[in-house]
Amino acid sequence: MFQNYISLALRKLAKQRGYTLLNVAGLGLSVACSILIFLLIRHHISFDTYHTKADRVLRIVMDVKAERAIPFSGVPVPMAKTLREECPILEKTAMRSAEDQMLISVVNSAGGRDKYKEESKFAWIQPDLLGILDLPLLRGDTAAIREPNTVLLTEKIARKYFGGQEALGKIIRVDNEIDLRVVGILRDLPENTDYKTEIMGSWATLLTNPRPGNDENNWGGARGDNYCFALLQPGHTIQEMNAFMTGFQQRHPHPDSPKLFEYKVKSMLALHFDTDYGRGVDKKFIWALGFIGLFLLCTACVNFVNMATAQALTRMKEVGIRKSLGSTRGQLFWQFMTETSLIVITSLGVGFFLAWLSLPYLNNWLETDFHFNSPMLPALVAFSLISGVVLTFLAGFYPGWLQARFNPVISMKGTLDTAQRGGFPLRRVLVTTQFAISQIMIIGAAVISAQMQFAQNADWGFRPGAVLTLEIPDIQKNKDLRQQISQLAGVKSVSLCYQPPASGSNNHTGMHYDHRADPEAWIVNDKPADEHYLETFGLQLLAGRNLMPGDSAREFVVNETFFKKLNLASPEDILNKPIKVGDLSGPVVGVVHDFHNVGMIDPISPIAMSTQVNRYMTCAVQLHPGNPAPVLAQIRQLWESQFPDNYYEQHFMDERMREFLETETMMLRLVRSFAGIAIFIGCLGLYGLATFMVSRKRKEVGIRKTLGADISGILWLFGKEYIRLILIAFVLAAPLAWWAMNAWLQDYTYRVPIGLGIFGGALLATFGVAALTVGYQSIRAALANPVKALRSE
């Protein structure tokens, strides 16, 4: 019996090639998108789950208490040591202090040095971190990491630095300052981790290195990359730990502002989806991807149902004959389900092929490294099997049930009433749903595009044009570098500073105003900069004057937000008033117009700029308009002559500002791609409905034409149906899209309004797509010979 089902199904599908290809195309596209979305979701939910003790691993984070609680991922350096001594429910604790960038140099076979600029790969670690996280040792001795000037490398990094030679015992130099001996080789880290540290220097080295903030007795500050890991004793909970931290915080407060820091405990596994304290992705993004994949599969199933029920009208006589020869409803139903399963199986193959072709583009967009490799294949196979079964029943059950219940006598006559035709109102509901999904995705893509355009064209408050930024490895040589670069013909101005106006690296601290006893209830963005900073970046003075040349902080220039936070009536009111920013004191001599110091997501911070030569890490160069290539080459030559042992790297400000929009760019690409695919799949559904309507109204069109109806009247006969469905879909989609995108925009302090134009554009786009999709069928019906339509029985 089953072999007979297969033979009949193959014969039928081969005969109806157009119907088969349309269904395979729709289902194949939706399967491909679903596979890619499944890879993304599975990748993110698997982050750091490979650690055997992952469910007991915690991280201590904190809020900086100002006017509002500001989430902060780092903690003071003494945190792990003190918790280890005082908290009985913890098995181990360890600090990890990561470096965003680190210059590594290794002696090569010629006696020279190979230089490597490593980003987000280096961290100083306490030895107990190896007992908290799974960092398997392949060779060497992890106990040696307790000694100063030692380091652990992953296999990948060891091959990179030393090729086929044994790395144990070799020396690497860090930032041209510290020599570290390789004492262990670790297994390479998997992709699904938020802690991609491949070079681990000993904590003892960090404590002996004279850098600020490395004191294990200082509770007064923290770096954002100073992570404290803790391992709970079995049987204890995170709630117990949070209760313990209440008393712990009272015993170890900030020395100047006891209530400034509030410590919290987070599960390491949850931090991947916590954008406040972690570095993963927002869970809302994962949910959105999941719903998009579900929508695409539902849209493809709706297409199948529409076309299958329309196709059922052409099979009425077949069904009638089979029933009259003794076929039961069950046999007819499973015959159709067999046809559906063959289409679904073919679609799964097509979907896998399309997903494989698209995977390199997805990896490029998201900067990932997905592969259809052995660890991923079992999950993909399971996902495909489940999807295949679900798709077969979702797409095939209703059409199969519809055909199986046809009355054999009426079926052989080829005429069915509306009720027997399969519930045309149901088809209207399904296609309306398709329109609504397409419009929601069109509106979403339009809002994200508008927000990106708004951010790119917004007035950031400074000049982002031809300003080049260079890192200064040795602050003792910064004045010489500035003087030499400023003498070049293509250079307009040069400034030494900690960071540009908008930067992902900012220092925040407390502030006292006008000798007040208590600090203000808000924190200040402290920006060290020289007297050329305003000129180089085009910052505009609102009141007062610029900073005077100097090596140490003697005076401050603040922004508008700073004096407004003090509830002063005008910027002149703050001039010459003494302030204390962190440990630095001096009068305010100038006020500049506000500028964005982080991006478009967060509000503009109160900012205080002062001359602090020992903190200048960046050289900013404003170039004259024209061809920059010659002067860039000269700048590089000067920089390399000053720092021959370092790695040269340059960034234009507009490049740095684009980094603030990386997440939005990724979202826009994904939403645009999936929206386009959803619209295309929806077009296939419209084609199915158009086929059904043309078949149903064939004689009606013939009668109308013989009675004098023109082509426009016939087109309106079909067009009014789609117009009504599109308008109903818009009424349903617009509120949902507004709610979803308004919620997304709430994360942005400065955001674009969701205007009526976006909704109007989505509606017009839907009308255009519908007209192009069904126009062929409608025009074909309008131009058909009415005699042939009236002659058929």
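Here, every reference points to the structure presented above.
Residue positions are counted from 1 within each chain, in the order its sequence is given. The predicted nature of this model means local features are confined to residues of pLDDT at least 70 and side-chain atom pairs, given and counted, to a pLDDT of 80 or more, with totals for whole chains, interfaces and linings taken over all residues. Heavy atoms throughout the structure, all of them, feed into the side-chain values; hydrogens and water do not.

### Observations regarding helix H3 (residues 79–86)
With a 1.4 Å probe rolled over the protein chains alone, any residue whose accessible area is under 20% of its type maximum counts as buried; one over 50% counts as exposed, and the rest are partly exposed. Starting at the N terminus, helices and strands are each numbered in turn, a helix being any DSSP run of H or I of at least four residues and a strand any DSSP run of E of at least two. Among all positions of H3, only Met79, Ala80, Thr82 and Leu83 are buried. Along H3, the residues classed as buried sweep out an arc of 165° about the axis, all on the same side. Residue contacts are defined here by distance: any two heavy atoms, one from each residue, within 4.5 Å place the two residues in contact. Check the buried side of H3 and you find it contacts strand E1 (57–65), strand E3 (90–107), strand E10 (226–232), helix H7 (238–251) and strand E11 (261–267). The arc in question is the one spanned by the directions pointing from the helix axis to the C-beta atoms.

### Observations concerning the pattern of salt bridges
Any carboxyl oxygen of Asp or Glu within 4 Å of a side-chain nitrogen of Lys or Arg constitutes a salt bridge here. In total, this model carries 19 salt bridges according to the counting rule given. Put simply, Glu166 and Arg139 hold a salt bridge, and the shortest N to O gap is 3.2 Å. Of the two residues, Glu166 is situated in the loop between helix H5 (155–162) and strand E7 (171–174) and Arg139 in strand E5 (residues 137–140); the sequence distance between them amounts to 27 residues. Under the relative-accessibility criterion, Glu166 is labelled partly exposed at 38%. Here Asp526 and Arg615 are joined by a salt bridge, their closest N and O atoms 2.6 Å apart. Here the residue Asp526 occupies a position in strand E16 (residues 524–528), and Arg615 occupies one in the loop between strand E21 (607–610) and strand E22 (618–623), the gap between them amounting to 89 residues.

### Let's talk about empty space enclosed by the protein
In this analysis the probe radius is 1.4 Å and the grid spacing 1 Å, with only protein atoms considered; a cavity is a set of points the probe fits into but cannot get out of, a pocket is an open set with protein on both sides within 12 Å along at least five of seven lines, and lining residues have an atom within 4 Å of a point. Grid points are joined across faces, edges and corners, and a volume is the space filled by probe spheres set on the points. If you walk through the whole model with that rule in mind, you get 5 cavities of 30 Å³ or more. If you trace the largest cavity, you find it lined by Val431, Gln434, Phe435, Ser438, Ile442, Ile679, Gly682, Cys683, Leu686, Thr766, Val769 and Ala770. Only helix H13 (424–457), helix H19 (662–696) and helix H22 (756–783) provide two or more residues apiece to the lining of the largest cavity. Counting residues per element, the lining of the largest cavity draws most heavily on H13, which supplies 5 residues. Gly falls in the polar group here, along with every residue not listed as nonpolar (Ala, Val, Leu, Ile, Met, Phe, Trp, Tyr, Cys, Pro) or charged (Asp, Glu, Lys, Arg). Residue composition of the lining of the largest cavity, grouped by class: 8 nonpolar, 4 polar and no charged.

### Quick word on unusual backbone geometry
Even without being glycine, His515 reaches a positive phi, approximately 65°. Despite not being glycine, Asn576 has its phi angle at roughly 70°, a positive value.

### What about the side chain of Lys117?
With respect to the element layout, Lys117 can be found in strand E4 (residues 113–125). Definition of a polar contact: a pair of N or O atoms within 3.5 Å, with one able to donate and the other able to accept a hydrogen when the atoms are protein atoms, and with sequence-neighbouring residues admitted only if both atoms are side-chain atoms. In terms of polar contacts, Lys117 uses its side chain to reach the side chain of Glu471, at 3.5 Å. When neighbours within four sequence positions are excluded, Lys117 is seen to be in contact with Gln101, Met102, Glu471, Tyr647 and Glu649.

### Considering the packing of aromatic side chains
Here a pair means two rings of Phe, Tyr or Trp (six-membered ring of Trp) with centres within 6.5 Å. Their orientation is stacked below 30 degrees between planes, edge-to-face above 60, and tilted elsewhere. All chains considered together, the criterion is met by 18 aromatic pairs. Pairing Tyr227 with Phe229 gives two aromatic rings, centres 6.4 Å apart and planes at 65°, and the pair type is edge-to-face. For a Lys NZ or an Arg CZ to count as sitting over a ring, it must be within 6 Å of the ring centre and within 35 degrees of the ring normal. The positively charged end of Arg59 is found above the aromatic ring belonging to Tyr227, 3.7 Å away from the centroid. The ring of Tyr498 has Arg615 sitting right over it, with the charged end atom 5.3 Å from the ring centre.

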